[in-house]
Number of protein chains: 2
Amino acid sequence: MEKGKISQDRIVTAATQLFYTQGYNQTSVSDIASEIGITKGNLHYHFRSKDELLEAVINHRLHYITDSLEQWDKEFPEPKARLKRFVKMVLNQESEIMRYGCPMGSLNVELGKCQDSLRNKARAMFDEFANWLEKVFKQMGHKDSKTLSKHLLSMAQGAALMSYVYADGKLLKRELKEIEKWIDSLAQK
Amino acid sequence: MEKGKISQDRIVTAATQLFYTQGYNQTSVSDIASEIGITKGNLHYHFRSKDELLEAVINHRLHYITDSLEQWDKEFPEPKARLKRFVKMVLNQESEIMRYGCPMGSLNVELGKCQDSLRNKARAMFDEFANWLEKVFKQMGHKDSKTLSKHLLSMAQGAALMSYVYADGKLLKRELKEIEKWIDSLAQK
DNA sequence: GTCTATAAGAAGATAGAC
DNA sequence: GTCTATCTTCTTATAGAC
C-alpha cells in the first residue's frame, strides 16, 4: 500500500522533469516509463491517461509553490524582502531557465493551445504566485495590488523568456536587477 | 510555372496561421492540407518534410518583419516615434495575442525544446527586432543600446505572455502603457 | 503491482497513376 | 502538379498472464 505511492511519486517526478525539459507534447509515455525503469503498461496502471499524469504533475508543482510561499512568509515578515525573495527564486533557477525556460511559463504557453481544462490547470500556477504577490502589495498599502502583482510577474516572465531564447544568463541577471530596482522604488506605508 | 508558386504560397500561409493558433507540434500535415483543400501527398510534393515547411513559415515571418521595419523607418524618422510604433504593433495584435500569444514568442518557446537548427531559425525573428531596436537606441545616443533593445523586447514579451495566460486584453494595454512611459523617460541627445 | 503482448489509430513520408 | 494508395513508425491505451 505504501509501495504504490512510491511508484506514483517516481512517475510524477520523472514526468515533471521531462515535461519541463522536452515539453509535454514531445514527451511520450514510454520516455517517462523507461526513465524510471518501468514499462508503459505499468505506468498506465497508475495513470489511466497522459492527461491524468499531466494533472498530477501540475498538482505536484502547485504543492511545491504553495510550500515555498508559506516558507517565505515565515522567513520574511517584511514585504519588500518577500518580493525580493521571489526575484531570488528566479535567479536561483538561472541555468535551468536558460536551457528550458520558465517551467510555469513554458508549460502555460504549450498547454494554452490545447484543451481548456488543461489551460486552466496550468494557469493555476500563475494564480498561486499572483495571489501571494497581491497580498504582499496590499501589505505595503498599495490599492492597485492586483495590477502590481501582474506587472511583477510580467517582467519576470519577459526576462525568463528572453534569457531562454538567447540562452543568456547575463540577460536574466540584468533584467532581475532592474526588477529589484523597481521594488526598491516602490512606496511603502 | 506560376501556379506552383501559388500553391506553395497557399500552403505557407495556411501553415503560418495553424502553427500559430494550434502550435507546431499540434498541427499535422493533414490539417494544413485539408485547410486549403489539397492532399497530404500534394503537400509533400511542395515541401519534402514538415521541418522544411516550418522553415518556409519562419522565412515568411522574417520577410514580413523586415518589410515592416523598413516601412517604419520610412514613416518615422524620429527615434522615439519608431519605438512607439513597435509598441503599437503589439497593441494592434491584441485580440490574437490574447488568444494565441505572441507568434514569435510562443514559437520560440515551442521550438526551443526541439532541434538546435529550428531553435536558431526561430530566434532569427527576435534578432530582426533586436537589431532594429538596437539601431534606434544608438540613434538616440545610448551606448547600452544592446541592453536597452533586449529590455524592451523583454517587457513586451512578458506583457504578451501574461495577457495570453489570463486572456486579458486590459492587462496588455496596461503593460504597454508602462512601456510607453519608459520610452518617454529615456534620454535623447 | 508489474510484466508481455497487442490493439487501434495518427503521423510523416514515399510510390506511382493520371 | 495533384491525386490515391501504401508504408513505416510512433503513440496512447488495453487485455491478460504472473
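Residues numbered from 1 in each chain as written. Chains lettered and ligands numbered in written order. Predicted model: local features only at pLDDT ≥ 70, side-chain atom pairs only at ≥ 80, totals over all residues. Heavy atoms only, no water.

1. A word on the interface of chain A and chain B
- At the junction of the two partners, chain A supplies 41 residues and chain B supplies 41 residues.
- The three residues of chain A that bury the most area against chain B are Lys113, Tyr164 and Tyr166 of chain A, which together make up 21% of that side's buried surface.
- Taken together, the links from chain A to chain B amount to zero salt bridges.
- Elements supplying a minimum of two residues to the side of chain A that touches chain B: α1 (2-22), α6 (94-100), α7 (103-112), α8 (116-139), α9 (145-165) and α10 (169-185) of chain A.
- With 13 residues, α9 of chain A is the largest single contributor of residues to the side of chain A that touches chain B.
- Residues that form the side of chain A that touches chain B fall into these classes: 18 nonpolar, 13 polar and ten charged. (Contact = heavy atoms within 4.5 Å. Buried area = accessible area lost by both parts, 1.4 Å probe. Salt bridge = Lys/Arg side-chain N within 4 Å of Asp/Glu carboxyl O. Helix = DSSP H or I, 4+ residues; strand = E, 2+ residues; numbered from the N terminus. Nonpolar A, V, L, I, M, F, W, Y, C, P; charged D, E, K, R; others polar.)

2. Some words on the relation of the copies chain A and chain B
- Rotating chain A by 180 degrees and translating it 0.0 Å along the rotation axis places it on chain B, where the RMSD comes to 0.0 Å. Such a combination of turn and shift is consistent with a two-fold rotation axis. Within chain A, Gly158 of chain A has its C-alpha nearest the rotation axis, a separation of 1.8 Å.
- The overlap is high: 100% of the interface residues of chain A also sit at the interface in chain B, so the same surface is used on both sides. (Least-squares fit on C-alpha atoms with pLDDT ≥ 70 in both.)

3. Quick look at the side chain of Arg123 of chain B
- Mapped onto the elements of the fold, Arg123 of chain B is located in helix α8 (residues 116-139).
- The buried charged residue Arg123 of chain B lacks any salt bridge, with Asp127 of chain B as its nearest oppositely charged partner at 5.1 Å.
- What Arg123 of chain B contacts, discounting residues up to four positions off in sequence, is Val165, Tyr166 and Ala167 of chain A together with Asn108 of chain B. (Buried < 20%, exposed > 50% of the residue type's maximum accessible area, 1.4 Å probe, protein only. Lys, Arg positive; Asp, Glu negative; His and termini not counted.)

4. As for the confidence of the model for chain A
- When pLDDT is averaged along chain A, the result is 96; 98% of the residues meet or exceed 70.
- Confidence, read as mean pLDDT per element, is least for α1 of chain A in chain A (91) and greatest for α9 of chain A (99). (pLDDT = per-residue confidence, 0-100.)

5. Description of the nonpolar core
- Among the nonpolar cores identified, the biggest contains 126 residues, and Leu53 and Phe86 of chain A together with Leu53 and Phe86 of chain B are the most heavily contacted of them.
- Once residues lying within four places of it in the same chain are set aside, the contact partners of Phe86 of chain A are Trp72, Phe129, Trp132, Leu133, Leu152, Leu153 and Ala156 of chain A. (Core = buried A, V, L, I, M, F, W, Y, C linked by side-chain atoms within 4.5 Å.)

6. Describing the packing of α9 of chain A against helix α7 (residues 103-112) of chain B
- Packing of α9 of chain A against α7 of chain B brings their axes to within 10 Å, and their N-to-C directions diverge by 55 degrees. Here α9 of chain A is positioned oblique relative to α7 of chain B, judged by the angle of their axes. Of the two possible hands of crossing, α9 of chain A and α7 of chain B adopt the one that is left-handed. Contact residues: α9 of chain A offers Leu161, Tyr164 and Val165 of chain A, while α7 of chain B offers Asn108, Val109 and Gly112 of chain B.
- The residue makeup of the contact of α9 of chain A with α7 of chain B, split by class, is four nonpolar, two polar and no charged. (Axes fitted to C-alpha atoms, helices over the stretch in contact; angles between N-to-C directions. Parallel < 35°, antiparallel > 145°, perpendicular 65-115°, else oblique. Left-handed = near helix turned anticlockwise from the far one by under 90°.)

7. So, the packing of aromatic side chains
All names here are of chain A.
- All chains considered together, the criterion is met by twelve aromatic pairs over all chains.
- Each ring, one from Tyr20 and one from Tyr100, has its centre 5.5 Å from the other, and the planes form 65 degrees; the classification is edge-to-face. Of the two residues, Tyr20 is situated in helix α1 and Tyr100 in helix α6; the sequence distance between them amounts to 80 residues.
- Since its relative accessible area comes to 8%, Tyr20 is described here as buried.
- Judged by centre distance (5.5 Å) and plane angle (70 degrees), the rings of Trp72 and Trp132 are edge-to-face. With Trp72 in helix α4 (residues 50-75) and Trp132 in helix α8, the pair connects residues that are 60 residues apart, well separated along the chain.
- Given a relative accessible area of 4%, Trp72 falls into the buried group. (Phe/Tyr/Trp six-rings, centres within 6.5 Å; stacked < 30°, edge-to-face > 60°.)

8. Observations regarding α7 of chain B
- For α7 of chain B, the tally of buried residues reaches ten of ten residues, placing the bulk of the element in the interior.
- The set of residues buried in α7 of chain B consists of Pro103, Met104, Gly105, Ser106, Leu107, Asn108, Val109, Glu110, Leu111 and Gly112 of chain B.

9. A short note on the pattern of salt bridges
- Under the defined criterion, the tally for this structure stands at 14 salt bridges over all chains.
- For Lys135 of chain B, the salt bridge identified is with Asp73 of chain B, shortest N-O distance 2.9 Å. One end of the pair, Lys135 of chain B, is in helix α8; the other, Asp73 of chain B, is in helix α4 (residues 50-75), and 62 residues separate them in sequence.
- Among the ionic contacts, a cluster of salt bridges with common partners joins Asp73, Arg82 and Lys135 of chain A.

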